[in-house]
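# Topology and contacts: notes
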Protein chains: 2
Amino acid sequence: MKIGIVGLGLIGGSLALDFKAAGHWVLGIARRVATCEQAIAHQIVDQAATDLKSAAIADVIFICTPIAAIGATLDQLRPYLRSTTVVSDVGSVKGALVAAATERWPNFVGGHPMAGKAEAGLDVAEAGLFRDRPYVLTPVSQTPPEAVTQLKHLIAEALHARIYECDPSDHDRAVAWISHLPVMVSSGLIQACLEEPDPAVLTLAQAIASSGFCDTSRVGGGAPELGLMMAQFNRLELQRSLYAYRQQVDILLQIIDQEDWSALGNYLKASQAARPQFLQP
Amino acid sequence: MKIGIVGLGLIGGSLALDFKAAGHWVLGIARRVATCEQAIAHQIVDQAATDLKSAAIADVIFICTPIAAIGATLDQLRPYLRSTTVVSDVGSVKGALVAAATERWPNFVGGHPMAGKAEAGLDVAEAGLFRDRPYVLTPVSQTPPEAVTQLKHLIAEALHARIYECDPSDHDRAVAWISHLPVMVSSGLIQACLEEPDPAVLTLAQAIASSGFCDTSRVGGGAPELGLMMAQFNRLELQRSLYAYRQQVDILLQIIDQEDWSALGNYLKASQAARPQFLQP
């Protein structure tokens, strides 16, 4: 199959590596010539170009640009596509994006490969990045079933990802809970510690913080543009989850204010019991 | 030097291993005969006993029982101690405990070795557990300086820990921020997710949760008795930090409600910039 990848960063580059390894012919499209040259030199793609016109040859196209650019990229691609071309994306929020893209291109299937790294860019692209990771597809009622089937085959055979299929809105609600809310929860923890008024205590806290603080604060101390993107593109679901979270903080405050240790014991036991269901074996 | 360890769990056993390796003679005291036999069989201690009487021989004694039992253990030990014996503990909250213990035994120096594992018990005790980890000592104005000096030498030479010295109240405030607050923040995250009313969305969220959720929820899904102990023994400081944290959640909600993306960008940038100060190299 001929596969086009628009946007050669971590995700686009890693997709290209796996598709090529599975025997597909891969065209990479990047804005910068240097990125194209790098992709060719490292045999990440079979062919590279800076213009979207060359995508005409592809049977399936993955738009791997930042989420804010996906709509505009699809608009620019449209004139060059055959009606049978399947277009997908890798954006981490799906609702409004999928609705708009489906209107523009009926053969569009929203996708979200849930794999990442702390670093970004083609330099850190790697084969096997999506193996055993979730890959969510979000077809809507108008989406042609053949397009979904074709994508599923590709993703299963070349990426060895765990495929999930759901409504765009269910996707956005689920990622708000397990991906976007944790960023805010964790960022708030870092900022709360900085509120300590005694500099000696803050210095001590910084010196003795260990793995517990490190893990709990990790996603909150990550790339600001990622957290911002989540809030901008998934605002309603993030708000909803953050309000539900504040209720939990209030419950904890009430329990501790009342020194209701049996309630706190039950709360912590329930958390311990619930967590394993969120961890894939 | 003759060192007594009362309570042979993860911390007591690990202290014993390092002190013995550094050439000290180590007596272990445990309630169960089987624990004493295990400690002898695995050469964790030189001698083991179930009665506190045998502690009379020790120059320095570490009380490594659960925090709720430290005061009573010191009371039971007292009749057998020489006036020169230095007594320390390994409790993770220091304020009230150190005040009471100092009244009972002037040669008492509060201590908190900040190392741990997910598992508990002598089975998982290990040599080198405290190497390069923080070990906080909390002497008060009445504490004899010689007792502090003696302990510091022991800890530096045998454990190779990073030693910090501070007021018991500063210790409790610092650990509230970086150890006790994260448990509540993280537990609240797990419970908030469970509030999702649509079972299909909850199932999807559980299936696609990945490293971000895993890390942020880790300490909140830990042993309930640990979180409970933190809240019971460090209630006032935990309350204070949790109220400060709720303010941060409110700030985030306000920013997101108002779609003030420049404020959110600054907030997340400040978090990213602040986190490294909490991570020891």
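In case you missed it, the structure is sitting above this.
Residues numbered from 1 in each chain as written. Chains lettered and ligands numbered in written order. Predicted model: local features only at pLDDT ≥ 70, side-chain atom pairs only at ≥ 80, totals over all residues. Heavy atoms only, no water.

Another point: the overall build of chain A. Of regular secondary structure, chain A possesses eleven helices and eight strands. In terms of overall dimensions, chain A has C-alpha extents of about 65 × 40 × 35 Å along its principal axes. Taken over 281 residues, chain A has a buried fraction of 56%. Across chain A, contacts joining residues at least 24 apart in sequence account for 65% of those joining residues at least 6 apart. Where the 21 positive side-chain charges of chain A centre and where its 28 negative ones centre are 6 Å apart. (Helix = DSSP H or I, 4+ residues; strand = E, 2+ residues; numbered from the N terminus. Buried < 20%, exposed > 50% of the residue type's maximum accessible area, 1.4 Å probe, protein only. Contact = heavy atoms within 4.5 Å. Lys, Arg positive; Asp, Glu negative; His and termini not counted. Charge placed at Lys NZ, Arg CZ, Asp CG, Glu CD.)

Among the structural elements, Glu259(A) can be located in the loop between helix 10 (235–257) and helix 11 (261–274). Residues Glu259(A) and Gln272(A) lie 13 residues apart in sequence; the distance between their C-alpha atoms is 20 Å. In terms of polar contacts, Glu259(A) uses its side chain to reach the side chain of Arg235(B), at 3.2 Å. (Polar contact = N/O pair within 3.5 Å; in protein donor to acceptor, adjacent residues only side chain to side chain.)

Ranked by size, the top nonpolar core spans 124 residues in total, and within it Tyr245(A), Leu264(A) and Tyr245(B) carry the most contacts. The residues contacting Tyr245(B), other than those within four sequence positions of it, are Val185(A), Gly188(A), Leu189(A), Ala192(A), Tyr245(A), Val249(A), Leu181(B) and Val185(B). (Core = buried A, V, L, I, M, F, W, Y, C linked by side-chain atoms within 4.5 Å.)

The next subject is the pattern of salt bridges. All told, the structure shown has 24 salt bridges over all chains when counted by the stated rule. With a shortest N-O distance of 3.8 Å, Asp75(A) and Arg78(A) are connected by a salt bridge. A relative accessible area of 32% means that Asp75(A) is categorised as partly exposed. Between Arg235(A) and Glu259(B) there is a salt bridge, with the nearest N and O atoms lying 3.1 Å from each other. (Salt bridge = Lys/Arg side-chain N within 4 Å of Asp/Glu carboxyl O.)

Another aspect to go through is the sheet that holds strand 4 (residues 60–63) of chain A. All names here are of chain A. Strand order in this open sheet of eight strands is 3-2-1-4-5-6-7-8, and the pairing throughout is mixed. With one partner strand each, in any of the chains shown, strand 3 (47–49) and strand 8 (162–165) form the two edges of the open sheet. For this sheet, the mean angle separating the axes of adjacent strands, direction not counted, is 25 degrees. Both strand 4 and strand 5 (residues 86–89) contribute to a ladder of four bridges, which runs parallel. In the strand pairing of strand 5, Ile61 is matched with Val87. (Pairing = 2+ DSSP bridges. Axes fitted to C-alpha atoms, helices over the stretch in contact; angles between N-to-C directions.)

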